[in-house]
Structure formats: structure tokens, C-alpha cells
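Topology and contacts: notes
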Amino acid sequence: MPKMKTKSSAKKRFRVRPGGTVKRGQAFKRHILTKKTTKNKRHLRGSANVHETDKGHIAAMLPFAGL
């Protein structure tokens, strides 16, 4: 039986919080920032939670996260 492996891309992008929620970074903040407003860029700061409907996909990619 082969070993279960964690998706390397997922372990770099997601962190599981103690309460069971999954933390993710905001998209659209990496490049082409000159045409985006200051307000838009300010609201993209920090982290956000993964939606409940996507937690199943995250659990499949991170089998040892305990989701």
C-alpha cells in the first residue's frame, strides 16, 4: 500500500486553525497593482477563511490536517 501524501501546493497555501477553520491568503494582491484602488488593496490585506463548501477539497489535499 503506498503512502498517503500531502499536496505540496496546499501545505504552502493553507493553515488549519485550532478551531477547525482553514486560513488562506487573499488573491489579487501580487501584481498589476497600479490600476487597483488604494481602498481595494487595503481590503485585500490579511488573511481570510476558506468557505465551508471548499473544506472537503482542502481535507482531501491535506490528509493529516485533521479536518
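Let me sum up the structure you'll find in this document. (Residues numbered from 1 in each chain as written. Predicted model: local features only at pLDDT ≥ 70, side-chain atom pairs only at ≥ 80, totals over all residues. Heavy atoms only, no water.)

Across its full length, the protein chain carries three helices and three strands. Mapped from its N terminus to its C terminus, the protein chain presents α and β elements in the order α-β-β-α-β-α. In summary, the protein chain has a C-alpha radius of gyration of 15 Å against a globular reference of 11 Å for 67 residues, an excess of more than 25%. In terms of overall dimensions, the protein chain has C-alpha extents of about 50 × 25 × 20 Å along its principal axes. Across the protein chain, contacts joining residues at least 24 apart in sequence account for 56% of those joining residues at least 6 apart. Element-wise, carbon and sulfur atoms account for 54% of the exposed surface of the protein chain, whose accessible area totals about 5800 Å². (Helix = DSSP H or I, 4+ residues; strand = E, 2+ residues; numbered from the N terminus. Rg over C-alpha atoms; globule rule 2.2 N^0.38 Å. Contact = heavy atoms within 4.5 Å. Areas by Shrake-Rupley, 256 points an atom, 1.4 Å probe, with all protein chains shown as cover.)

Before going further, it helps to examine the layout of surface pockets. Of the voids in this model, the largest pocket is the one considered here, and its volume is about 250 Å³. In this structure, the largest pocket is lined by K12, R13, F14, R24, G25, Q26, A27, K29, R30 and L44. Residue assignment for the lining of the largest pocket shows that the elements contributing at least two residues are α1 (8-13) and β2 (22-25). Partitioned by chemical class, the residues of the lining of the largest pocket number three nonpolar, two polar and five charged. (1 Å grid on protein atoms, 1.4 Å probe; cavity = no way out; pocket = protein on both sides within 12 Å on 5 of 7 lines; lining within 4 Å. Points joined across faces, edges and corners; volume = space filled by probe spheres on them. Nonpolar A, V, L, I, M, F, W, Y, C, P; charged D, E, K, R; others polar.)

Moving on, we come to the environment of S9. Note that S9 resides in helix α1. As for S9 and P63, which are separated by 54 residues in sequence, their C-alpha atoms are 13 Å apart.

In this structure, F28 takes a positive phi of about 70° despite not being glycine. Among the residues examined, F28 registers a relative accessible area of 66% and is labelled exposed. We note that I32 has phi near 55°; this positive angle belongs to a residue other than glycine. Relative to the elements of secondary structure, I32 occurs in the loop between β2 and α2 (38-43). The class of I32 is partly exposed, set by a relative accessible area of 45%. (Buried < 20%, exposed > 50% of the residue type's maximum accessible area, 1.4 Å probe, protein only.)

A few words on the sheet that holds strand β3 (residues 47-49). Reading across from one edge, β1-β2-β3 is the order of the three strands in this open sheet, with antiparallel pairing throughout. Of all strands in the sheet, those bounded by a partner on one side alone are β1 (14-16) and β3. Sheet twist, expressed as the average angle between the axes of neighbouring strands with direction ignored, equals 35°. Looking at chain direction, β2 and β3 are connected through three bridges and run antiparallel. By the bridge assignment, K23 is partnered in β3 with N49. (Pairing = 2+ DSSP bridges. Axes fitted to C-alpha atoms, helices over the stretch in contact; angles between N-to-C directions.)

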